[in-house]
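# Structural characterization, general
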Amino acid sequence: MKTWKERLGKEWLFWDGGMGTILQEKGLKAGELPETWNINHADIIRSLHKRYLEAGADIINTNTFGANRLKYKENGPYSLKSIIESGISLAKQAREETGRSDAFIALDIGPTGKLLKPMGDMEFEDAYEIFKEIIIIGKEAGADLVLIETMSDTYEMKAAVLAAKENSDLPVVATMIFGENKKLLTGADPAAVVALLEGLSVDALGINCGLGPVQMKEIVGELLEYASIPVVVNPNAGLPRREGEKTVFDVAPEEFAQVMGEIAGMGVSVLGGCCGTTPAHIQKLRKVCQDKPFIPVKKKNITMVSSYSHAVRIGKEPVIIGERINPTGKKKLKEALRTNDIDYILNEGFVQEEKGAHILDVNVGLPEIDEPVMMKNVITELQAVLDLPLQIDTSNVEAMERAMRCYNGKPMINSVNGKKEVMDAVFPLVKKYGGVVVGLALDEHGIPETAEGRIKIAEKIYAEAEKYGIERKDIVIDALAMTISSDHTSATVTLETLKKIRDDYHGNTILGVSNISFGLPRREYINAAFYIMAMQNGLSCAIMNPNSEEMMRAYHSYLALAGMDEQCSRYIDVYGGQDSIQKGPLHSSKEKVTLSTCIEKGLKERSGEATRYLIGEKDPLSIIDEELIPALDRVGKGFEKGTIFLPQLLMSAEAAKAAFDVLKQYMEQSGTVQEKKGKIILATVKGDIHDIGKNIVKVLLENYSYDVIDLGKDVPPEKIVQTALQQDVKLVGLSALMTTTVVNMEETIKQLHKEKPDTKIVVGGAVLTEEYAKAIGADCYAKDAMATVHYAQSVL
């Protein structure tokens, strides 16, 4: 009998379909935890598994999607261990009773419902421990593979994948939930998702839930463009709507199978369903697809690094790596590291981003500081306010691993060299966490004087990386720029090395460009000329100062001349003399920092300092109306346009809160009163513990001066109605993530309409649509947090 890995990517495999939506039809009550049916209604769960197997599913999910210690506590009526063990046992029984010994059982793991820091309040390692517990129980109970699904945050997904990889040898499949904007809730696009998950060495990746097959097609196309591993597609049966008292999905089995057949033809390896799909959907899907010629997975020789939001492709056109966060030769940065002045470091990042850097080098090595602690701190803080990928630049292996573990995305790693002990220390980390590694063309004998000598070291690095399962696409060779002031032939040796790596090995390269001019006057002249020569000879990445006008002129001119700038549009944008919006870097003097800039960039400490300075010039209410609110509005508009992502939105809100706290303290002391704009109740409905969306809305509403009454999660309708009556609240916001809890949202709306008809109701959540929100009686459907703010402004 072939294993899962032996079949994956070599033949069509079919996943099962929806669980929770079918259990609702079978009598799952509002607020009842679906996983408890493994114990209380075992026959129904086993029967549903059998129906899917008989319909042709090759993989069935255990009924454990929401099973974690946050729901099933040690002192509760159901233990997490009993829920997971019974779930796997029922799947095994169904497999045996149907004679489907060729089918596989997937341990189904969903999100915790919490945002991880810095966006939320859960530590990365706490999330890891939650998933670790599930994995250990599931492995011991006999699961064949792990499915981590419906994840909207790459950071939480990383915690779950690491938990699976470090605590079991089971195959791991990871599927994310995208919106119609082709992004995750936290901002990642398909390329960023592929870069992260392939870096973490999952066995297959893909998309599930949130959308129907038609809406998924374009996103699937992008996943397939970048992925070199099998892709899984498990859509909903269209979008939910109401028919009388029932929630139904609008895509029937025949239509579902037809569209999924088209998706199969795009090169997908595994197909199944999610919410609203039934055994009939899977049966039709298999019938349509099983006789189609299977399309083998194609390896993509694409080198990518990523942040939480996007990927940077290396090799397509030259990439700029900002060099300014490195203490070598920089007195102010050294002092900032010694005094833990993180804002100074963040400002260096902002300036380089605004000047055109694609990636930021991060080196915090000073002998007098704790480098592992500082590296982790700086990486975390930079990722909280910037969405550029980072290059982790250190020779300290402990600092490297800490940074790689906490990094949200696929980083660059600087570096290894031809010394075996260095490669043996770094390559296992790259294989475990993912990354694109800089390989220095030097070894224990030093730096070769010839291009041939450097190429031999590059070959050694490629070969050693391959032993660890690291592909050549994830190695970038540093051809080493040595100053021409001491050897007039050094530039030609470097250029020859670049050319050979490109032409003979189809590899990518990197240089610290400015090293070429060390010891010479007017170094910028030499640097810029050499930079153009290097790009012409195949340089993929330049570690350089993007603040240098000469270097940036060389870069933009080369792109235009090399045919990489269509219609010279980027060159014209930069040098055409047209006015453009300049965010501007923060001033190094604290007295001259603008509050609005601090808020837009999400700098909490500087925001408070800028507010204290402004109090001497303006009254608090003017600061709120003229600085705070306009800055939040600009950030909100950027979020709606897709130019600013959720982490930046939340950090801006935190910076605004820091300013409000300073103003509040001053107003209390001076007797000034700021009127609240109105009371708003927020609640995640009964049975649902996922409060990510609600918490995001709360932060924004409070910054817009609304009095938010947060009732928390799993809130009964009666409590919401009672609170609205007691405090005469005119607006209630309700959130639900799961299809099984939307019925409680509808019940809450009914009770509010009956008991307090003058209260407006705004709803949101991944399972909702505008049509569905209207059908259950809501006054407004908010597609995101800013939409809730806008509705509050119109109502109150």
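Cut-offs applied
- Residues numbered from 1 in each chain as written.
- Predicted model: local features only at pLDDT ≥ 70, side-chain atom pairs only at ≥ 80, totals over all residues.
- Heavy atoms only, no water.
- Helix = DSSP H or I, 4+ residues; strand = E, 2+ residues; numbered from the N terminus.
- Rg over C-alpha atoms; globule rule 2.2 N^0.38 Å.
- Buried < 20%, exposed > 50% of the residue type's maximum accessible area, 1.4 Å probe, protein only.
- Contact = heavy atoms within 4.5 Å.
- Areas by Shrake-Rupley, 256 points an atom, 1.4 Å probe, with all protein chains shown as cover.
- Lys, Arg positive; Asp, Glu negative; His and termini not counted.
- Charge placed at Lys NZ, Arg CZ, Asp CG, Glu CD.
- Arc of directions from axis to C-beta.
- Pairing = 2+ DSSP bridges.
- Axes fitted to C-alpha atoms, helices over the stretch in contact; angles between N-to-C directions.
- Right-handed = clockwise from strand over helix to strand, strands pointing away.
- Domains from an automatic or database assignment.
- Polar contact = N/O pair within 3.5 Å; in protein donor to acceptor, adjacent residues only side chain to side chain.
- Salt bridge = Lys/Arg side-chain N within 4 Å of Asp/Glu carboxyl O.
- Parallel < 35°, antiparallel > 145°, perpendicular 65-115°, else oblique.
- Nonpolar A, V, L, I, M, F, W, Y, C, P; charged D, E, K, R; others polar.
- pLDDT = per-residue confidence, 0-100.
- Phe/Tyr/Trp six-rings, centres within 6.5 Å; stacked < 30°, edge-to-face > 60°.
- Expected span 1.5 Å × (residues − 1).

Let us look at the overall build of the protein. Helix and strand counts for the protein come out as 30 helices and 25 strands. The C-alpha atoms of the protein give a radius of gyration of 28 Å, which matches the 28 Å a tight globule of 796 residues would have. The buried share of the protein, taken over its 796 residues, is 59%. Here the analysis covers contacts within the protein between residues at least 6 apart in sequence; of these, 75% occur between residues at least 24 apart. Approximately 31700 Å² of the protein is accessible, and the part contributed by carbon and sulfur atoms is 49%. The averaged location of the 113 negative side-chain charges in the protein is 1 Å from the averaged location of its 93 positive side-chain charges.

Time to look at helix H12 (residues 331–339). Residues that lie three or four places apart on an α-helix share one face, since the helix turns once every 3.6 residues. Here H12 has its buried residues at Leu333, Ala336 and Leu337. Along the axis of H12, the buried residues cluster in a sector spanning 100°; they form a single face. Every exposed residue of H12 that faces more than 90 degrees away from the buried side is listed here: Lys331 and Lys332. Turning to H12, the residues buried within the fold contact strand E13 (319–325), helix H13 (342–355) and helix H14 (371–385). Note on H12: the residue one or two positions beyond its end, Asn340, has a positive phi of about 60°.

What follows concerns the sheet that holds strand E21 (residues 679–684). Across the sheet, five strands lie side by side as E22-E21-E23-E24-E25; this open sheet has parallel pairing. Strands with a single pairing partner mark the edges of an open sheet, and in this sheet they are strand E22 (707–710) and strand E25 (780–781). Across two bridges, the pairing between strand E24 (residues 760–764) and E25 is parallel. Paired with Val763 across the strands is Tyr781, a residue of E25. Lying over the sheet, helix H28 (residues 742–755) contacts strand E23 (731–735) and E24, oriented at roughly 170° with respect to E24. Relative to E24, helix H30 (residues 785–795) is tilted by about 175°, and along the sheet it contacts E21, E23, E24 and E25.

Looking now at the sheet that holds strand E15 (residues 390–393). With parallel pairing, the eight strands of this closed barrel are ordered in space as E13-E14-E15-E16-E17-E18-E19-E20. For this sheet, the mean angle separating the axes of adjacent strands, direction not counted, is 25°. For E13 and strand E20 (residues 541–544), the ladder comprises four bridges, and the chain directions are parallel. Of the residues in E20, the one forming a bridge with Val319 is Cys541. Sitting on the sheet, H14 is in contact with E13, strand E14 (359–362) and E15, with an inclination near 175° to E15. Each of strand E16 (412–416), strand E17 (436–440) and strand E18 (475–478) touches helix H17 (residues 451–467); the most contacted strand, E18, lies at about 160° to it.

The next thing to look at is the side chain of Asp58. If you trace the backbone, Asp58 turns up in the loop between helix H4 (42–55) and strand E2 (59–61). What Asp58 contacts, discounting residues up to four positions off in sequence, is Arg7, Trp12, Leu13, Phe14, Arg100, Ala103, Phe104 and Arg286.

So, about the pairing of E14. Burial along E14 is two-sided: Ile359 and Asp361 facing one way and Leu360 and Val362 facing the other are all buried. Pairing of E13 with E14 involves three bridges; the strand directions are parallel. Bridging from a neighbouring strand, Gly322 pairs with Leu360 of E14. As defined by bridge partners, E14 adjoins E15 across three bridges and the pair is classed as parallel. Among the inter-strand pairings, Leu360 is bridged to a residue of E15, identified as Leu390. Running through H14, the crossover from E14 to the neighbouring parallel element E15 is right-handed.

Partitioning the protein into structural domains gives domain 1 (4–289), domain 2 (315–574), domain 3 (595–670) and domain 4 (679–795). Taken over C-alpha atoms, the centre of domain 3 sits 26 Å from the centre of domain 4. Contact residues are listed per partner, giving 14 residues for domain 3 and nine residues for domain 4. Where domain 3 touches domain 4, the interface holds five residue pairs in polar contact (both at pLDDT 80 or more). Breaking the side of domain 3 that touches domain 4 down by element, the ones donating at least two residues are helix H24 (620–641) and helix H25 (646–670). In terms of residues, the side of domain 3 that touches domain 4 owes the most to one element, H25, which gives eight residues.

Time to look at the pattern of salt bridges. Applying the stated rule across the entire model yields 48 salt bridges. When the shortest N-O distance is used, the salt bridge between Glu166 and Lys432 registers 2.8 Å. Within this pair, whereas Glu166 is found in helix H7 (residues 154–167), its partner Lys432 is found in helix H16 (residues 420–433), the two being separated by 266 residues in sequence. The class of Lys432 is partly exposed, set by a relative accessible area of 32%. Its salt-bridge partner being Lys601, residue Glu354 comes within 2.5 Å of it at the nearest N-O pair. With Glu354 in helix H13 and Lys601 in helix H22 (residues 595–601), this residue pair connects regions lying 247 residues apart in the sequence. With relative accessibility at 30%, the residue Glu354 sits in the partly exposed group.

Turning next to unusual backbone geometry. Following Lys117, the chain continues to Pro118 via a peptide bond in cis, the omega torsion being 5°. Along the polypeptide, Pro118 turns up in the loop between strand E3 (104–109) and helix H6 (124–141). For the peptide bond that leads from Asn414 to Ser415, omega is 25°, which places it in the cis range. Summarising the element assignment, Ser415 is placed in strand E16. With a phi close to 60°, Thr150 is a non-glycine residue in the positive phi region. A positive phi is found at Cys209, a non-glycine position, where the angle reads about 60°.

Let us now look at the packing of H24 against H25. Their axes nearest at 10 Å, the elements H24 and H25 cross at an angle of 175°. Considering the angle they form, H24 stands roughly antiparallel to H25. Judged by residue contacts, Pro620, Leu621, Ile623, Ile624, Leu628, Leu632, Val635, Gly636 and Phe639 of H24 engage Leu646, Leu649, Ser652, Ala653, Ala656, Ala659, Phe660, Leu663, Tyr666 and Met667 from H25. Grouping the constituent residues of the contact of H24 with H25 by class yields 17 nonpolar, two polar and no charged.

Along the chain, the position of Thr450 falls in the loop between E17 and H17. A residue is classified by how much of its surface remains accessible, and Thr450, at 40% relative accessible area, is partly exposed. As a C-alpha pair, Thr450 and Thr494 span 44 residues in sequence and 8.4 Å in three-dimensional space. Side-chain polar atoms of Thr450 contact the backbone nitrogen of Gly453, separated by 3.1 Å.

Turning our attention to the environment of Val397. With respect to the secondary-structure elements, Val397 resides in helix H15 (residues 397–406). Those residues within four positions of Val397 in sequence are excluded, and the remaining contacts are Ala425 and Leu429.

The next subject is the confidence of the model for the protein. In this model, the protein carries a mean pLDDT of 93, and residues with pLDDT of at least 70 account for 98%. Contacts for the low-pLDDT stretch residues 578–591, under 50 throughout, to residues beyond four places or in other chains number 21 contacts.

Right, let's talk about the packing of aromatic side chains for a bit. Inspection of every chain in the model, using the stated rule, returns seven aromatic pairs. Arranged with centres 5.1 Å apart and planes meeting at 85°, the rings of Trp12 and Phe294 form a pair that is edge-to-face. Linking Trp12 in the loop between helix H1 (4–7) and strand E1 (13–14) with Phe294 in the loop between helix H11 (279–289) and strand E11 (303–306), this pair joins segments that are 282 residues apart in sequence. Note on Trp12: relative accessible area 8%, which makes it buried. An aromatic cluster is built from Trp4, Trp15 and Phe104, whose rings are joined through pairwise contacts.

Our focus in this paragraph is H17. Compared with an ideal rise of 1.5 Å per residue, which puts 17 residues at 24 Å, H17 spans 25 Å between its outermost C-alpha atoms and is within 8% of the ideal. Residues of H17 that are buried include every one of Ala451, Gly453, Arg454, Ile455, Ile457, Ala458, Ile461, Tyr462, Glu464 and Ala465, and no others. In the segment just after H17, Gly469 is the residue with positive phi, at about 80°.

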